[in-house]
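# Breakdown of the fold
What follows is the residue order along each chain.
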Amino acid sequence: MSTVPRSEPLCFPFTALEGQQPLQLALLLLAVDPLLGGVLVEGPRGTAKSTSARALAELLPAGRFVNLPLGTTEEQLQGSLDLQAALKHSEVQFKPGLLAQAHQGLLYVDEVNLLPDGLVDLLLDVSASGINRVERDGVSHQHAARMALVGTMNPEEGQLRPQLLDRFGLFVRLANVPDVATRKRIVLTRMAFDTDPVGFVARYAEAQNQLLAQITAARGRVDAITWPEAVFDKVARLCQLAQVDGVRADLVMLRAARAHAALQGRLEVSGADVDIVAELALAHRRNPQAPQETTPPPASDAASESQPEQPPQSQSQPQSQTEQPAENSAGRGSSADEGWGGMAAPQPVAIQTVKELRPFNTKKA
């Protein structure tokens, strides 16, 4: 076991994460284009939400992870102006807040649905613009705040207002561990890290460096990537089918597809990029009444489509019953024609008197 001393705890490597591919994809897209508007993660406890966010912060230019406490005030978030210095020395001095600290890093908001709506509005404004504007007593100041915003929420503790939910760029809904094999891999990986953090991080150093180089290159080329006309058509169809309000979903999907193309080293967005990121942009904006998109059948099934569909046969009937002619002995149509599936159609039966009914006389008290 490695015993190299360290001044602060090591971060779990992003490339060692297991079992949360949609979350990892959303975070990588945000790392390439922080102006996507942030990532909102919904899911139960213990699904690696904060671990994934901390791991991503290591791959950002500032390598900084800033946690926003629930009791944060607007002044602590935005920063403040030193009015005493302005009065005494006729100069404006700005005291940076959490948004300034998170510049070129990651701002993590746990249980964002429990924050006051005003703070959430402010966070989303800065995340989408990359600029923090502070105005106090007629004095204004602004600074760059190009940060990756990651918020989490537990739906059991309340929902965000639809207006705020829509303003988050990407949305990931996490589920519990799907199977035993995945659960085992996650536990083994985490225990290996907890047992020897230095050695574990060293084993993933090469993969981390490769991913860091990929993200850095993608950030450098993302603004040069173009969208062909067919991509605009595809995005418009998907958003129209989902019956989303406004065009924010279209814009976010296009930016996310561009970030994905940048990660792949291409200079033009393809329809495949849109398919990969579409659900991240639509999951929290889709109208519940919108029809679900159907997948066309594969080409190999085209021949079978020209044949009429045969009704299923009941496995409980003998062969002689399943091969009845079109007209039965009663002169009625077949059971399939009557809508009875594989069962035999009901046959008319004459009413027979089983027993003569006698009036019931109650006994006197």
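Above this text sits the structure in question.
These numbers were taken from a predicted model, which means no experiment stands behind them.

Rules used in this analysis
- Residues numbered from 1 in each chain as written.
- Predicted model: local features only at pLDDT ≥ 70, side-chain atom pairs only at ≥ 80, totals over all residues.
- Heavy atoms only, no water.
- Helix = DSSP H or I, 4+ residues; strand = E, 2+ residues; numbered from the N terminus.
- Buried < 20%, exposed > 50% of the residue type's maximum accessible area, 1.4 Å probe, protein only.
- Contact = heavy atoms within 4.5 Å.
- Areas by Shrake-Rupley, 256 points an atom, 1.4 Å probe, with all protein chains shown as cover.
- Phe/Tyr/Trp six-rings, centres within 6.5 Å; stacked < 30°, edge-to-face > 60°.
- Expected span 1.5 Å × (residues − 1).
- Arc of directions from axis to C-beta.
- Pairing = 2+ DSSP bridges.
- Axes fitted to C-alpha atoms, helices over the stretch in contact; angles between N-to-C directions.
- Polar contact = N/O pair within 3.5 Å; in protein donor to acceptor, adjacent residues only side chain to side chain.
- Parallel < 35°, antiparallel > 145°, perpendicular 65-115°, else oblique.
- Nonpolar A, V, L, I, M, F, W, Y, C, P; charged D, E, K, R; others polar.
- Core = buried A, V, L, I, M, F, W, Y, C linked by side-chain atoms within 4.5 Å.
- Salt bridge = Lys/Arg side-chain N within 4 Å of Asp/Glu carboxyl O.

Scanning the protein from terminus to terminus reveals 15 helices and 9 strands. Taken across its 365 residues, the protein has 38% of its residues classed as buried. Long-range pairs, those at least 24 residues apart, make up 77% of the contacts in the protein with a sequence separation of at least 6. Of the roughly 21900 Å² of accessible surface on the protein, 52% is carried by carbon and sulfur atoms.

Applying the stated criterion across every chain yields a total of 6 aromatic pairs. Note on phenylalanine 12 and phenylalanine 193: the rings are 5.1 Å apart at their centroids and 75° apart in plane angle, and the pair reads as edge-to-face. Remark: phenylalanine 193 occurs in helix H8 (residues 180-195) and phenylalanine 12 occurs in the segment before helix H1 (21-32); sequence separation between them is 181 residues. Look at phenylalanine 12 and you get buried, because its relative accessible area is 8%. Here a set of aromatic residues connected by ring pairs shows up, and it is made of Phe12, Phe193, Phe200 and Tyr204.

Compared with an ideal rise of 1.5 Å per residue, which puts 17 residues at 24 Å, helix H10 (residues 205-221) spans 24 Å between its outermost C-alpha atoms and is within 8% of the ideal. Burial in H10 covers these residues: Gln208, Leu211, Ile215 and Ala218. Viewed end-on, H10 has its buried residues packed into an arc of 95°, placing them on one side of the element. Facing away from the buried side of H10 by more than 90 degrees, the exposed set consists of Glu206, Asn209, Gln210 and Gly220.

One open sheet accounts for 5 strands, arranged E2-E5-E8-E1-E9; its pairing is parallel. Single-partner strands in this sheet number two, and they are strand E2 (65-68) and strand E9 (170-173). Ignoring which end each strand starts from, the neighbouring axes of this sheet average 20° apart. Examined bridge by bridge, strand E5 (residues 106-109) and strand E8 (residues 148-153) share 4 bridges and lie parallel to one another. Its bridge partner lying in E8, leucine 107 is registered against leucine 149. Helix H6 (residues 117-129) rests against E2, E5 and E8 of the sheet, and its axis sits at about 145° to E8.

This part covers the environment of glutamine 243. Within the secondary structure layout, glutamine 243 lies in the loop between helix H11 (229-242) and helix H12 (248-263). Given a relative accessible area of 36%, glutamine 243 falls into the partly exposed group. The spacing of glutamine 243 and proline 288 is 45 residues in sequence and 8.8 Å in space, taken between C-alpha atoms. Leave out the neighbours within four places in its chain, and glutamine 243 touches Asn287, Gln289, Ala290 and Pro291.

Let's shift gears to the environment of arginine 248. For arginine 248, the position within the fold is in helix H12. A relative accessible area of 36% means that arginine 248 is categorised as partly exposed. Beyond its immediate stretch of four places on either side in the chain, arginine 248 contacts Asp166, Arg167 and Arg285. Within the structure, arginine 248 has its side chain in polar contact with the side chain of aspartate 166 (distance 2.4 Å).

Here we take up the packing of H1 against H10. Orientation of H1 relative to H10, taken along the N-to-C sense of each, is 50°, at an axis distance of 8 Å. With respect to H10, the axis of H1 lies oblique. On the side of H1, the interface is formed by Leu28, Ala31 and Val32, while H10 contributes Leu211, Ile215, Ala218 and Arg219. The residue inventory of the contact of H1 with H10, partitioned by class, reads 6 nonpolar, no polar and 1 charged.

The next thing to look at is the nonpolar core. By size, the foremost hydrophobic cluster in this structure holds 58 residues, and its most contacted members are Phe14, Leu29, Leu106, Leu170 and Met253. No other element matches the 10 residues that H12 contributes to this core. Once you skip the residues sitting within four places of it in the chain, leucine 106 turns out to touch Ala53, Leu56, Ala57, Leu60, Arg64, Phe65, Val66, Ala148 and Val150. Listed in part, the 26 residues of the second largest apolar core include Leu40, Leu99, Val120 and Leu160.

Before going further, it helps to examine the pairing of strand E1 (residues 39-42). Of the two faces of E1, the one holding Val39 and Val41 and the one holding Leu40 and Glu42 are both buried throughout. Relative to E8, E1 runs parallel, the two being bridged by 4 bridges. Considered in E8, the bridge of leucine 40 is made with glycine 151. Note: E1 against E9, 4 bridges, orientation parallel.

As a further point, take the pairing of E5. In E5, alternate side chains face the same way, and those of Leu106 and Tyr108 on one face and Leu107 and Val109 on the other are all buried. Strand direction decides the pairing type here: E2 and E5, joined by 4 bridges, are parallel. Directly across from phenylalanine 65, in E5, lies its bridge partner leucine 106.

The next subject is the pattern of salt bridges. Counted by the stated rule, this structure contains 13 salt bridges. Ionic pairing is found between aspartate 117 and arginine 161, a salt bridge with its closest N-O pair at 2.7 Å. You can see aspartate 117 sitting in helix H6 and its partner arginine 161 sitting in the loop between E8 and helix H7 (162-167), a full 44 residues away along the chain. Taken together, the shared-partner salt bridges connect Asp33, Arg255 and Arg258 into one network.

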